[in-house]
Amino acid sequence: MSSLRDLETRIARDLSLTDYPARSWVPARRYRDEPVLDVLIVGAGQGGLAVTFHLLRESVGNIMLIDQRKQGEEGPWTNFARMVTLRTPKYLTGPDLGIPSLTPRAWYEAKYGAEAWDRLDKIPRETWHDYIGWYRSVLKLPVRNEIRLTRIVPVDDLFEVTLMPTDGGGEETRYARKVVLATGTEGSGRWSIPPLVEEKLPRDRYAHTAQPLDFNDLAGKKIGVLGAGASAFDNAATALEHGATEVSLFARRQSIPAINPFRWMEFSGFLHHFADLDDVQRWEAMVKVYSFNQPPPRDTLDRVRRFPNFRLHLGSPWIEAGMEAGQVWAKTPDGRHEFDFVLVCTGTEVDLARRPELAGFSQHIALWRDRYTPPPELAHPKLTAHPYLGSAFQFIEKVPGTAPFLKNLHNFTFGATPSMGLSGASISGMKFGVPRLVQGITRDLFRADAALHQASLAAYDVRELVDDPWAS
């Protein structure tokens, strides 16, 4: 641990050496006799923490970061992520924002040794979770846990936000100039459950894999897995490792995709400047990316192959489903199958109207279908439902002049992908997305207060030359 303490000492010095300019510069405001936050960040996972850190580095300190979960439970890593390791390369950086002593490698080597880092293939997800917790602690980031954002209401040029303690305590009303939604994978909609499952099966016979789930309860049971992404295979493996008697995974595709477009996207040009391309270029690129889907890593496939009681059904969408004699049944092109329980691994549905915090004005937010009509051969209905964002992740009005407040509401979630590329909640894009977001926020704050800054300049009279005969 002495090495870790040495690293933390070095971090403190690195931050001190690079703390320029340190002066707080955003004028304080009050509204209805209440203090106004400059920025409210919603979600204290890796994205929200990095945004908070960068804002503080830009001397924007009048901010609040909230998360609905308890401390130590933020993000997916100990909740619904069930991969053994991250799917990204170990050398990836992001939350450190260019400070070497804050990188995952610096932390890992300080804690486990340089040789352990050299032996490491990919970072285990629990280890990444520990790194993110340490990052929050060593930077002393101001997080309020167990607080949920329930409503956003535009008032004048501000937002009135309603915060609710998760323990059922009284509501809290705050005012903020900017709001950043760093709410992760489902932050632009909800987890998707096919109607065939939701309408035909009893609620106690299926679970979406993003919800709390005790896999010990699946021991001795036959499990159906609906979905074929990487997380579907991870959940299938977890069920097998916890004693499921048989796990059958159903995929609509005729084969498992072998190409991972995320690896292609991981170069500075794309990560920096994808958002600067025109609509035609961005749309064509995203249709290609989404056509690949993200394949399960080789180690994930090897994880399920170890079990002779794993069954893979390709080209097998569910056509019908129901209950009979106490069993779940599903009909696919290759026959009828029965299970005790179903794991739904069908990802997310992008639908801003499903977000309670946006419910009052989601109809005013521009979506891709409102801004771009692709040629028929590039049609992609799911992509059209994504928000069409501005250069700093801000929402844009569907009809100009109807909702000007949207420019101060920033969507830093996976829903930003078609507009911004690998950024938002993605580790791979964090190094580039966080500075783009924060630069947009600070630009807007400075421009909004330009008259105050001009008046401050006009009144500035701090003399550096005192009692010098040549100085006037």
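A few points on the structure. On a predicted model such as this, the values are computed, not experimentally measured, just so you know.

Remarks on the packing of aromatic side chains
For the structure shown, the criterion picks out 28 aromatic pairs. Aromatic side chains W107 and Y112 sit 6.2 Å apart centroid to centroid with 90 degrees between the ring planes, which places their arrangement in the edge-to-face category. Among the residues examined, Y112 registers a relative accessible area of 41% and is labelled partly exposed. Judged by centre distance (5.1 Å) and plane angle (50 degrees), the ring pair of W128 and Y131 falls under tilted. Linking W128 with Y131, this pair stays in helix α5 (residues 125-139), spanning 3 residues, or about one helical turn. Residues W128 and Y131 agree in their burial class; the two are buried. An aromatic cluster of at least three residues, connected via ring pairs, comprises F53, W107, Y108, Y112, W117, W128, Y131, W134 and Y135.

Let's talk about the nonpolar core
W134, Y135 and V179 are the most contacted members of the largest nonpolar core, which has 79 residues in total. Here W134 is in contact with L4, L7, E8, I11, S101, L102 and W107, once residues within four sequence places are set aside. A232, A236, A237 and L301 belong to the second largest nonpolar core, which has 21 residues in total.

Focus on the layout of surface pockets
By volume, the second largest pocket amounts to about 300 Å³. Contributing to the lining of the second largest pocket are 15 residues, with K178, K407, N408, D444 and A448 lying nearest its centre. Among the secondary structure elements, those contributing two or more residues to the lining of the second largest pocket are β7 (172-181) and α15 (427-448). Considering every element that reaches the lining of the second largest pocket, the biggest residue donor is α15, with 5 residues.

Some points on the pattern of salt bridges
Within this structure, the stated rule accounts for 27 salt bridges. Residue D234 is joined to R303 by a salt bridge in which the shortest nitrogen-to-oxygen separation is 3.5 Å. Pair noted here: D234 is in helix α7 (residues 230-241) and R303 is in helix α11 (residues 298-305), with a separation of 69 residues, a long-range link. Exposure remark for D234: the relative accessible area of 2% places this residue in the buried category.

A look at the packing of helix α3 (residues 104-112) against α5
For the pair α3 and α5, interaxial distance at closest approach is 11 Å and the crossing angle is 100 degrees. Classified by the angle their axes make, α3 and α5 are roughly perpendicular. Each of P104, W107, Y108 and Y112 in α3 lies in contact with α5, whose residues at this interface are T127, W128, D130, Y131 and W134. Split into classes, the residues belonging to the contact of α3 with α5 amount to 7 nonpolar, 1 polar and 1 charged.

Focus on the sheet that holds strand β11 (residues 246-250)
Sheet architecture is open: 5 strands sit in the order β9-β16-β10-β11-β12, paired in parallel fashion. The open sheet has two free edges, formed respectively by β9 (206-208) and β12 (310-313), since each of these has just one partner strand. Averaged over all pairs of adjacent strands, the angle between strand axes in this sheet comes to 20 degrees, irrespective of strand direction. Where strand β10 (residues 222-226) lies against β11, 5 bridges are found, and the strand directions are parallel. The residue of β11 that forms the bridge with K222 is E246. Against the sheet, α7 contacts β10, β11, β12 and β16 (341-344), and its axis sits at roughly 170 degrees relative to β11.

Topic: unusual backbone geometry
In the segment running from Y20 into P21, the intervening peptide bond is cis, with an omega of -15 degrees. Even without a glycine there, the phi angle at E146 is positive, about 60 degrees. Taking relative accessible area as the criterion, E146 reaches 33% and is therefore assigned partly exposed. The residue F393 is not glycine, and still its phi comes out positive at about 70 degrees. On the secondary structure map, F393 appears in the loop between α13 (381-384) and β18 (409-411). Accessibility expressed as a relative area gives 0% for F393, which makes it buried.

A short note on the sheet that holds strand β13 (residues 320-324)
Pairing is antiparallel in the open sheet, where 3 strands are placed in the order β13-β14-β15. Of all the strands in the sheet, the pair left with one neighbour each is β13 and β15 (335-339). In this sheet, adjacent strand axes meet at a mean angle of 25 degrees when their direction is disregarded. Pairing of β13 with strand β14 (residues 327-332), which is carried by 5 bridges, proceeds in the antiparallel orientation. Of the residues in β14, the one forming a bridge with G322 is W329.

Considering the side chain of H380
Its location among the elements puts H380 in the loop between α12 (368-371) and α13. We classify H380 as buried; its relative accessible area is 19%. Not counting residues up to four positions away in its chain, the partners in contact with H380 are W283, V287 and Y290.

Rules and cut-offs
- Residues numbered from 1 in each chain as written.
- Predicted model: local features only at pLDDT ≥ 70, side-chain atom pairs only at ≥ 80, totals over all residues.
- Heavy atoms only, no water.
- Phe/Tyr/Trp six-rings, centres within 6.5 Å; stacked < 30°, edge-to-face > 60°.
- Buried < 20%, exposed > 50% of the residue type's maximum accessible area, 1.4 Å probe, protein only.
- Helix = DSSP H or I, 4+ residues; strand = E, 2+ residues; numbered from the N terminus.
- Core = buried A, V, L, I, M, F, W, Y, C linked by side-chain atoms within 4.5 Å.
- Contact = heavy atoms within 4.5 Å.
- 1 Å grid on protein atoms, 1.4 Å probe; cavity = no way out; pocket = protein on both sides within 12 Å on 5 of 7 lines; lining within 4 Å.
- Points joined across faces, edges and corners; volume = space filled by probe spheres on them.
- Salt bridge = Lys/Arg side-chain N within 4 Å of Asp/Glu carboxyl O.
- Axes fitted to C-alpha atoms, helices over the stretch in contact; angles between N-to-C directions.
- Parallel < 35°, antiparallel > 145°, perpendicular 65-115°, else oblique.
- Nonpolar A, V, L, I, M, F, W, Y, C, P; charged D, E, K, R; others polar.
- Pairing = 2+ DSSP bridges.

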